[in-house]
Amino acid sequence: LAGLWTVFTLGGVGSKATPQLEQSSPLANQSLLLLLVLANLTDASDTPNPYRQVIMSFKNTQDNMAFSSSNPHAFQINFNSLYTALCEQQKSDQATLLLYMLLHQNGNVHTYVLARTDIENLV
């Protein structure tokens, strides 16, 4: 779970235009790419892609509702930290693709981003 948090907070992931950032955190860069590949694999005929299911359903740690889920892989993440990291990394193709995927597949992230008053930082 700590490794997944590192991927979501994009710990120093950089784009090709900033090789010093990429070299300073190659594990974060490769982890993000792996997460994107796994989450975009096609579903099997009898079971949905578990990586996509987790990406589609994680929740905000700051929600007031109690966290309960029948999914054993469900988790919570601080959306404010995620939003800040995504704003800082928009020069990275990988971060932009993660943002796109989260906005389209996770209703919780979608709602959170639309409720932000500083959305221009993301754009």
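Residues numbered from 1 in each chain as written. Predicted model: local features only at pLDDT ≥ 70, side-chain atom pairs only at ≥ 80, totals over all residues. Heavy atoms only, no water.

The chain is annotated in an unreviewed UniProt entry as Dymeclin from Crypturellus undulatus.

### Some details on the environment of A74
Examined against the element boundaries, A74 turns out to sit in the loop between β1 (59–60) and β2 (76–77). Overall, A74 belongs to the partly exposed group, its relative accessible area being 23%. As for A74 and S57, which are separated by 17 residues in sequence, their C-alpha atoms are 7.1 Å apart. (Helix = DSSP H or I, 4+ residues; strand = E, 2+ residues; numbered from the N terminus. Buried < 20%, exposed > 50% of the residue type's maximum accessible area, 1.4 Å probe, protein only.)

### Considerations on the side chain of S92
For S92, the position within the fold is in the loop between α5 (79–88) and α6 (93–105). The exposure class of S92 is buried, given its relative accessible area of 1%. A distance of 3.0 Å separates polar atoms of two side chains, one belonging to S92 and the other to Q94. (Polar contact = N/O pair within 3.5 Å; in protein donor to acceptor, adjacent residues only side chain to side chain.)

### Here's the deal with the nonpolar core
Note that soluble globular proteins tend to have their nonpolar side chains buried in a common cluster. One finds F58, L86, L98, L102 and L122 to be the most contacted residues of the largest nonpolar core, which totals 22 residues. Those elements that provide at least two residues to this core are α3 (26–39), α4 (50–57), α5, α6 and α7 (107–115). In terms of residue count, the dominant contributor to this core is α5 (five residues). (Core = buried A, V, L, I, M, F, W, Y, C linked by side-chain atoms within 4.5 Å.)

### Let's talk about the packing of aromatic side chains
Inspection of the entire model under this criterion finds four aromatic pairs. When the centroid spacing of 5.3 Å and the interplanar angle of 15 degrees are considered together, the rings of F58 and F75 count as stacked. Pair noted here: F58 is in the loop between α4 and β1 and F75 is in the loop between β1 and β2, with a separation of 17 residues, a long-range link. Both residues of the pair, F58 and F75, belong to the buried class. Through a chain of ring-to-ring contacts, the aromatic side chains of F58, F75, F79, Y83 and Y112 assemble into a single cluster. (Phe/Tyr/Trp six-rings, centres within 6.5 Å; stacked < 30°, edge-to-face > 60°.)

### A closer look at α3
When the terminal C-alpha atoms of α3 are compared, their 20 Å separation across 14 residues agrees well with the 20 Å that a helix rising 1.5 Å per residue should span. Of the positions making up α3, those classed as buried are A28, N29, L32, L35, L36 and A39. Around the axis of α3, the buried residues are gathered within 125 degrees of arc, so they sit on the same side. Exposed residues lying more than 90 degrees from the buried face of α3 are L27 and L34. (Expected span 1.5 Å × (residues − 1). Arc of directions from axis to C-beta.)

### Re the confidence of the model for the chain
Here the chain averages 79 in pLDDT, while 72% of its residues score no lower than 70. Model confidence for the chain, summarised as mean pLDDT per element, is weakest for helix α2 (residues 19–24) at 50 and strongest for α7 at 93. Below a pLDDT of 50 lies the segment residues 12–17, which in the model reaches 19 contacts outside its immediate sequence neighbourhood of four places, other chains included. (pLDDT = per-residue confidence, 0-100. Contact = heavy atoms within 4.5 Å.)

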